[in-house]
Amino acid sequence: MSVFWLNSKKERNQNLVLNSQDIIMSFSNGGSTTIKSAEIESIVWDHVKSQLELKGIQWIPARFNQLNSVNSRFNCSEDKRKKILRILGLMSNDLLNKNRDFLRSKCETVIERLDQLNSDQLDALGYISFCEIADALFSKGIRWNHILVLFVFSVELSFIYSRIKDNLLLIDKVTDWLLQYLSDRLLVWINNNNGWVS
C-alpha cells in the first residue's frame, strides 16, 4: 500500500521533501505536557478553516458551537495556540507549494474510490479508505513530516472533493476522518514525542 505515496525511489527524493528538524523544533515543547484529544480537535478544525480561507472558502464547521467549546479547553495559552496554528499553516503552505501536483494526483485517486460509495456508505467506508491511505503514509514509521503531509493531504482532499460535489459538508467528513485517525492512531506517538506546544 505504500506505493500510494511513493511510487519510485526518484519520487521519494523529489516529493514531500521537508526538513524534519524544522518540524520537530516547531511542534515539540521539550516538556512532558500531555496532549488530549480535545486539543488535537481544536488544532485540526482551526487549521482546516484557515487553510480553506486561503483558498477562498468560508467554511463554518457543522459542529461550530462544539468547536468553540473545544477551543476553550485547550491546554495552553492562546498565544501558544496561535503560534502552533501559524507554524502549521506556514509549513503546510510550503509543503503544498512544493508538492501541489503530486498531492492533487493522490487526492484524485482517493476521490475515485469515494465516488464508488453511496452516501450511506461514505461515513464508514470513506473512513476505511482514508485509513488505508494514512496507514500507507506511516508504513515505515511515524514522523512529524508524515503528520504534516497528512494534514495537507486532508485539507486538499476536503477542498477538492467538496468543490467537485458542490457540498461543503464533505469538508466536515474529511476533517472528522483526520481527527479520528489522529486520536486513534497518532495521539500516543505525539505525546511520546513532546506534543504540539513549542
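Computed from a predicted structure; not experimentally measured.

Before going further, it helps to spend a moment on the overall build of the protein. A count of helices and strands for the protein gives 8 helices and 0 strands. In the protein, which comprises 198 residues, the proportion classed as buried is 48%. A separation threshold of at least 6 residues defines the contact pool for the protein, and within that pool the share at least 24 residues apart is 83%. As displayed, the protein has an accessible area near 9,800 Å², and 48% of this comes from carbon and sulfur atoms.

Spanning 19 residues, helix H6 (residues 119–137) covers 26 Å between terminal C-alpha atoms, matching the ideal 27 Å at 1.5 Å per step. At leucine 125, H6 shows its maximal kink, close to 40°.

A few words now on the nonpolar core. Core analysis: the largest hydrophobic core is formed by 53 residues, its most contacted members being Ile147, Leu150 and Tyr181. Looking at this core, the elements that each hand over two or more residues are helix H3 (37–54), helix H5 (78–114), H6, helix H7 (144–165) and helix H8 (169–192). Broken down by element, this core gets its largest block of residues, 13 residues, from H7.

In this section: H3. Compared with an ideal rise of 1.5 Å per residue, which puts 18 residues at 26 Å, H3 spans 26 Å between its outermost C-alpha atoms and is within 8% of the ideal. Burial of H3 is extensive: 13 of the 18 residues sit out of reach of the surface. One or two positions beyond H3, positive phi appears at glycine 56, with a value near 85°.

For the rest of this paragraph, the subject is the side chain of glutamine 51. Position of glutamine 51 among the secondary structure elements: in helix H3. Non-local contacts of glutamine 51, meaning those with residues more than four positions away in its chain, are made with Gly89, Ser92, Asn93 and Val155.

Glancing now at the pattern of salt bridges. Using the criterion set out here, one finds 8 salt bridges in the structure. If you follow the salt bridges from partner to partner, you end up with Lys55, Arg104 and Glu156 in one network.

Of the residues in the protein, 74% reach a pLDDT of 70 or more, and the chain-wide mean stands at 80. The lowest-confidence element of the protein is helix H2 (residues 20–27), averaging 40 in pLDDT; the highest-confidence one is H7, averaging 95.

Calculation criteria
Residues numbered from 1 in each chain as written. Predicted model: local features only at pLDDT ≥ 70, side-chain atom pairs only at ≥ 80, totals over all residues. Heavy atoms only, no water. Helix = DSSP H or I, 4+ residues; strand = E, 2+ residues; numbered from the N terminus. Buried < 20%, exposed > 50% of the residue type's maximum accessible area, 1.4 Å probe, protein only. Contact = heavy atoms within 4.5 Å. Areas by Shrake-Rupley, 256 points an atom, 1.4 Å probe, with all protein chains shown as cover. Expected span 1.5 Å × (residues − 1). Bend = angle between axes of the 7 residues up to and from the residue. Core = buried A, V, L, I, M, F, W, Y, C linked by side-chain atoms within 4.5 Å. Salt bridge = Lys/Arg side-chain N within 4 Å of Asp/Glu carboxyl O. pLDDT = per-residue confidence, 0-100.

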